[in-house]
Amino acid sequence: MPRQSAAVYRRRRIVLLGGLIILLAAIGIGVWLLVAQPWASAATESAPKPTPTSSSTSSSASTPTPGTVASPDAEASNPQLPPDEAPEDVPDASQTPAIVACQAKDIEVKAVADAESYADGVLPKLSISLTNKGSSDCTLDVGSTMQSITVSSGSDVWWRSTDCQQNPSSMIATLTAGTTVTSKDPVTWDRTRSSVETCEQENRQRAPGGGASYHVAVSIGGFASVSTQQILLY
C-alpha cells in the first residue's frame, strides 16, 4: 500500500480542526441563547399596554376621594331650587291676615255676681263677662289696668275696684269669634265705701243692708257694660 503524502495529512488535519471549531461555536451559541433569552425582553417591550375603558374612566371620575371636592357634574345631578322659585303651595307669612283689634259693635260686656242677694256679713264676688259677637277673632287688652267694677246705689257711687288697685297689669288676649269668657278671679267687694284716700283705713263707712239694692257696672278694654247687675244686701 503506497504511503500518502504529507500534504494530504495536513488537509485532513485542517478539515478536522475546522469541524471541531464549528461544533464548539454551535454549542456555545446554543448555551447563550438558552440562558440569556433575548427574545423575552423584546416581547415584553413590544407588547401593547392596555388602555382604560370608558366605564373605568367614568367610575374613577365620579367617585371623589377623601379630601377632594366633588366635580361640578355631581352637583348638576342634584340642583338646588333658587329662593325666587319656591313652590307655589308654600304659604307666604307676609300675606297671612293679622288679627285686628276688637270693635265696639262686636263686643258685649256684662257684670256678673255670684249671687242675687247676700246675707249680713257675706261679701259679694263680682266678675266681668266678655262676648265676641263678631264673625272674626279679635284682640283686646284684658289686663287689670283695663278692668273696672263699680257699685252704686242710685246716683251714689259706693265702691270702685280701681280706687285701691295694686300692681295693675296689661294683657293682650285673642277673643275667638262667637265665644264668651269670664274673668278668672272675681273681685270681692268688702261692703264699704271706697276712695283712694281711705284704702288703708279699717273703719270705712259700711254699706247699709236690710235688703238695700245696689247695681254693679263693669268695663274692660275700653268697652263698658250697657246694663247693670242688681244685687241685694241684708
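Described below are features of the structure shown in this document. Computed from a predicted model, the values in this text were never measured in an experiment.

This part is about the state of the cysteines. Should the sulfur atoms of two cysteines be covalently bonded, the bond is a disulfide. With the rule as written, the count across this model stands at two disulfides. The disulfide that involves Cys102 links it to Cys138, with 2.0 Å between the sulfurs. What sets the handedness of the Cys102 and Cys138 disulfide is the S-S torsion sign, and at about 85 degrees it is right-handed. One end of the pair, Cys102, is in the loop between α4 (72-76) and β1 (107-113); the other, Cys138, is in strand β4 (residues 138-141), with 36 residues separating them in the sequence. Here Cys102 and Cys138 have matching classes, each one buried. Here Cys164 pairs with Cys199 through a disulfide, and the sulfurs are 1.9 Å apart. Between Cys164 and Cys199, the S-S dihedral sits near -90 degrees, and the bridge is therefore left-handed.

Volume-wise, the largest pocket comes out at about 480 Å³. In terms of lining, the largest pocket is formed by 22 residues, of which the most central are Val142, Gln147, Ser183, Lys184 and Ile220. Those elements that provide at least two residues to the lining of the largest pocket are β3 (125-132), β5 (147-153), β7 (172-175) and β8 (180-182). For the lining of the largest pocket, the element with the most residues is β5, which contributes three residues.

This next bit is on unusual backbone geometry. Positive phi values are uncommon outside glycine, yet Asn167 reaches one of about 50 degrees. Take Asn167: it is sitting in the loop between β6 (156-160) and β7. Although it is not a glycine, Arg191 sits at a positive phi angle of roughly 65 degrees. Looking at where Arg191 falls in the secondary structure, it is placed in the loop between β9 (187-188) and β10 (212-220). For Arg191, a relative accessible area of 3% translates into the label buried.

This next bit is on the pattern of salt bridges. Under the definition given, this model contains three salt bridges. Where Lys105 meets Asp106, a salt bridge forms, and the shortest distance between an N and an O atom there is 3.3 Å. Among the residues examined, Lys105 registers a relative accessible area of 66% and is labelled exposed. A salt bridge links Asp156 to Arg193, with the nearest nitrogen and oxygen atoms 3.0 Å apart. You can see Asp156 sitting in strand β6 and its partner Arg193 sitting in the loop between β9 and β10, a full 37 residues away along the chain. Residue Arg193 is classed as partly exposed on the basis of its relative accessible area, which comes to 24%.

The rules we used
Residues numbered from 1 in each chain as written. Predicted model: local features only at pLDDT ≥ 70, side-chain atom pairs only at ≥ 80, totals over all residues. Heavy atoms only, no water. Disulfide = S-S within 2.5 Å. Helix = DSSP H or I, 4+ residues; strand = E, 2+ residues; numbered from the N terminus. Buried < 20%, exposed > 50% of the residue type's maximum accessible area, 1.4 Å probe, protein only. 1 Å grid on protein atoms, 1.4 Å probe; cavity = no way out; pocket = protein on both sides within 12 Å on 5 of 7 lines; lining within 4 Å. Points joined across faces, edges and corners; volume = space filled by probe spheres on them. Salt bridge = Lys/Arg side-chain N within 4 Å of Asp/Glu carboxyl O.

Geometric values such as these leave the question of function open.
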